[in-house]
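One-letter residues, chain by chain:
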Amino acid sequence: MNNPAATAATSLSPGAILLIQLALALGGFAIGTGEFAIMGLMPNVAADLGVSEPQVGHVISAYALGVVVGAPTLALLGARLPRRVLLLLLMGCFALGNFASALAPGYEPLLIFRFIAGLPHGAYFGIAMLVAASMAPPHKRAKAVSRVLAGLTVAILIGNPLATWLGQFMSWRYAFALVGIIAITTIAMVAIFLPADPNEQRSSPKGELRAFNRAPIWLALGIGAIGFAGMFCVFSYMAPTLLHVTQVGPGWIPLAMGVFGAGCIVGNSAGGWLFDRLRLRAVAWILAWSTLVLLVFPFAAHSLWTILPAIFAIGTMIALGPALQTHLMDVATGAQTLAAASNHAAFNLANALGPWLGGLAISAGMSWTVTGYIGAITAIAGLALFAWAWKVQQRNVRN
């Protein structure tokens, strides 16, 4: 397979590459903090806006749907732009969306502003990961991808608990303002450290669309959209689960978010490591593990000392991210930009599907812990899609 973007970046020194990866990861940190902060502040947002907690779940889904719409659309519209310029524009749009969210006068405007903030999410990650992968040898691409995703996992470990604490101490609005400031800092770092490459090959929107329409790509996206929904189903309602089922005080919520983030860091590294060794088979192992931890969660939720390890285990499910992202680089020849961005659209379709399914069950009178069982069903559905994808891959190898 051709390296995704063999540009002049590959001639940079290791120190320069590290600074570029740090700048790209900071953007992931901003996006991760902005995406997940509202989950820890669900009770606060509900009380301030006078809506129910499942309605705040719809705000989460609005952001996720923004990613689903924006990832392929912005990736295609920006296909002819230099990647450096596109990254700057995408992060600028993300900053504006979060500042607007901080100033939202009510529930409906907040829905709109979260949708807008989600639009650049997938395209940013897709482009950032292609840039990172272009600087790594083929057998270390998954590791390079996981380094950019590390910004997202560190956001869950540090940024999200910090935003939750800030929102509880002052107002949830300050959490989104903080995200906007981090996004502005990312713009400055990318502008300084990522050099323009006059020899960069530009993709054609029509060419990407033609190359995109292949079964291995759609199956990989389907695995992410469905198999990953369980993590979001549980995580989106973690704060009310802690309050109403585990029956701990609000002060435990930031700690639980940090535990989840620690699980994400372990899972992110494990996902890249597994895929570099097992290739597509790593996806099956990750989905099987996800099914197990999701089934255990409802039983663990009744005690603080069992729910915290369960939350850590739920966080490790993010291992699916670098594994599927790198697999798409293998199968999406000719549609690298669109496929990389669409992977994040798929994951955020999962972010919309998980809270929506969980909210339906909770609104119907079921326990907060039903999210674990719903999540397990989606992980099993992801395994079924994997079996299909494996069959297609083996047939292509034989041919």
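Just above sits the structure.
The rules behind these values
Residues numbered from 1 in each chain as written. Predicted model: local features only at pLDDT ≥ 70, side-chain atom pairs only at ≥ 80, totals over all residues. Heavy atoms only, no water. Helix = DSSP H or I, 4+ residues; strand = E, 2+ residues; numbered from the N terminus. Rg over C-alpha atoms; globule rule 2.2 N^0.38 Å. Buried < 20%, exposed > 50% of the residue type's maximum accessible area, 1.4 Å probe, protein only. Contact = heavy atoms within 4.5 Å. Areas by Shrake-Rupley, 256 points an atom, 1.4 Å probe, with all protein chains shown as cover. Lys, Arg positive; Asp, Glu negative; His and termini not counted. Charge placed at Lys NZ, Arg CZ, Asp CG, Glu CD. Arc of directions from axis to C-beta. Phe/Tyr/Trp six-rings, centres within 6.5 Å; stacked < 30°, edge-to-face > 60°. Core = buried A, V, L, I, M, F, W, Y, C linked by side-chain atoms within 4.5 Å. Patch = residues over 30% accessible without salt bridge, like charges linked within 9 Å, V, L, I, M, F, W, Y side chains within 5 Å. Salt bridge = Lys/Arg side-chain N within 4 Å of Asp/Glu carboxyl O. Axes fitted to C-alpha atoms, helices over the stretch in contact; angles between N-to-C directions. Parallel < 35°, antiparallel > 145°, perpendicular 65-115°, else oblique. Left-handed = near helix turned anticlockwise from the far one by under 90°. Nonpolar A, V, L, I, M, F, W, Y, C, P; charged D, E, K, R; others polar.

### Let's talk about the overall build of the protein
Phase 1: Secondary structure assignment for the protein yields 18 helices and zero strands.
Phase 2: The C-alpha atoms of the protein give 20 Å as radius of gyration, which agrees with the globular expectation for 399 residues (21 Å, within 12%).
Phase 3: Oriented by its inertia axes, the alpha-carbon framework of the protein measures out at about 55 × 45 × 35 Å.
Phase 4: Going through the 399 residues of the protein one by one, you find that 60% of them count as buried.
Phase 5: Long-range contacts, defined as pairs at least 24 residues apart, comprise 85% of the intrachain contacts of the protein with a sequence gap of at least 6.
Phase 6: For the protein, the exposed area adds up to about 14900 Å²; of that, 70% sits on carbon and sulfur atoms.
Phase 7: Charge centroids of the protein, computed over 19 positive and 9 negative side chains, lie 13 Å from each other.

### Section: the environment of histidine 244
Phase 1: With respect to the element layout, histidine 244 can be found in helix H12 (residues 238-246).
Phase 2: Put simply, histidine 244 and leucine 295 are 51 residues apart on the chain and 19 Å apart in space, counted from C-alpha to C-alpha.

### Some words on helix H9 (residues 205-212)
Phase 1: Within H9, the full set of buried residues consists of Gly207, Glu208, Ala211 and Phe212. Viewed along the axis of H9, the buried residues span an arc of 130 degrees, placing them on a single side of the element. Along H9, exposed side chains directed more than 90 degrees from the buried face belong to Lys206 and Arg210.

### Topic: the packing of aromatic side chains
Two numbers describe a pair of aromatic rings. These are the distance of the centres and the angle of the planes.
Phase 1: Enumeration according to the criterion identifies ten aromatic pairs in this entry.
Phase 2: Considering the side-chain rings of tryptophan 165 and phenylalanine 169, the 5.3 Å spacing of their centres and the 5 degrees angle between planes classify their relative orientation as stacked. Of this pair, tryptophan 165 and phenylalanine 169 both sit in helix H7 (residues 141-169), four residues apart, which is roughly one turn of the helix.
Phase 3: We classify tryptophan 165 as partly exposed; its relative accessible area is 45%.
Phase 4: Owing to a relative accessible area of 60%, phenylalanine 169 belongs among the exposed residues under this scheme.
Phase 5: Ring pairs connect the aromatic residues Phe228, Phe232 and Phe347, which therefore count as one cluster.

### Thoughts on the nonpolar core
Soluble, globular proteins show a tendency: their nonpolar side chains are buried together.
Phase 1: Judged by nonpolar contacts, the single largest core of 135 residues is most densely connected at Phe228, Phe260, Val283, Ile311 and Ile314.
Phase 2: Per-element tally for this core: the top contributor is helix H1 (residues 14-40), with twelve residues.
Phase 3: Once residues lying within four places of it in the same chain are set aside, the contact partners of phenylalanine 260 are Ile156, Met231, Phe235, Met238, Ile311, Ile314 and Gly315.

### What about a nonpolar patch on the surface?
Phase 1: Taken together, the side chains of Leu162, Trp165, Phe169, Met170 and Tyr174 present a nonpolar region at the surface, about 570 Å² in accessible area.
Phase 2: Relative to the helices and strands, leucine 162 is located in helix H7.
Phase 3: In this structure leucine 162 comes out as partly exposed when scored by relative accessible area, which is 43%.

### What about unusual backbone geometry?
Phase 1: Although it is not a glycine, glutamine 247 sits at a positive phi angle of roughly 60 degrees.
Phase 2: Take glutamine 247: it is sitting in the loop between H12 and helix H13 (252-278).
Phase 3: Backbone geometry at arginine 279 places phi at a positive 55 degrees, although glycine is not the residue there.
Phase 4: One can find arginine 279 in the loop between H13 and helix H14 (281-300).

### Description of the packing of H14 against helix H16 (residues 320-331)
Phase 1: It is the contact of H14 with H16, at a shortest axis distance of 10 Å, that shows an interaxial angle of 155 degrees. Compared by their axis directions, H14 and H16 come out roughly antiparallel. The hand of the H14/H16 crossing is left-handed. Contact with H14, carried on its side by Val283, Ile286 and Leu287, involves Leu320, Ala323 and Leu324 of H16 and no other residues of that element.
Phase 2: Looking at the contact of H14 with H16 residue by residue, the class counts come to six nonpolar, no polar and no charged.

### Quick notes on the side chain of glutamate 35
Phase 1: Position of glutamate 35 among the secondary structure elements: in helix H1.
Phase 2: Buried charge without a salt bridge: glutamate 35, with arginine 114 as the nearest opposite-charge side chain at an N-O distance of 8.3 Å.
Phase 3: When near neighbours in sequence (up to four residues on either side) are disregarded, glutamate 35 contacts Tyr63, Arg114, His121, Leu152, Phe232, Asn348 and Asn351.

### Examining the packing of H14 against helix H18 (residues 370-398)
Phase 1: At a closest axis distance of 8 Å, the pairing of H14 and H18 adopts a crossing angle of 165 degrees. Considered as vectors, H14 and H18 are oriented roughly antiparallel to each other. Considering how the two elements wind past one another, H14 and H18 form a crossing that is left-handed. Packed against H14, whose contacting residues are Arg281, Val283, Ala284, Leu287, Ala288, Ser290, Thr291, Leu294, Leu295, Phe297, Pro298 and Phe299, the element H18 presents Thr371, Gly372, Tyr373, Gly375, Ala376, Ala379, Ile380, Gly382, Leu383, Phe386 and Trp390 at the interface.
Phase 2: Class assignment of the residues belonging to the contact of H14 with H18 gives a composition of 16 nonpolar, six polar and one charged.

### Thoughts on the pattern of salt bridges
Phase 1: On inspection of all chains with the given rule, the structure shows one salt bridge.
Phase 2: Among the ionic pairs, aspartate 48 bridges to arginine 173, the shortest N-O distance being 3.8 Å. Remark: arginine 173 occurs in helix H8 (residues 172-193) and aspartate 48 occurs in helix H2 (residues 42-49); sequence separation between them is 125 residues.
Phase 3: Given the relative accessible area of 44%, aspartate 48 is considered partly exposed.
Phase 4: When its relative accessible area of 23% is taken as the criterion, arginine 173 is described as partly exposed.

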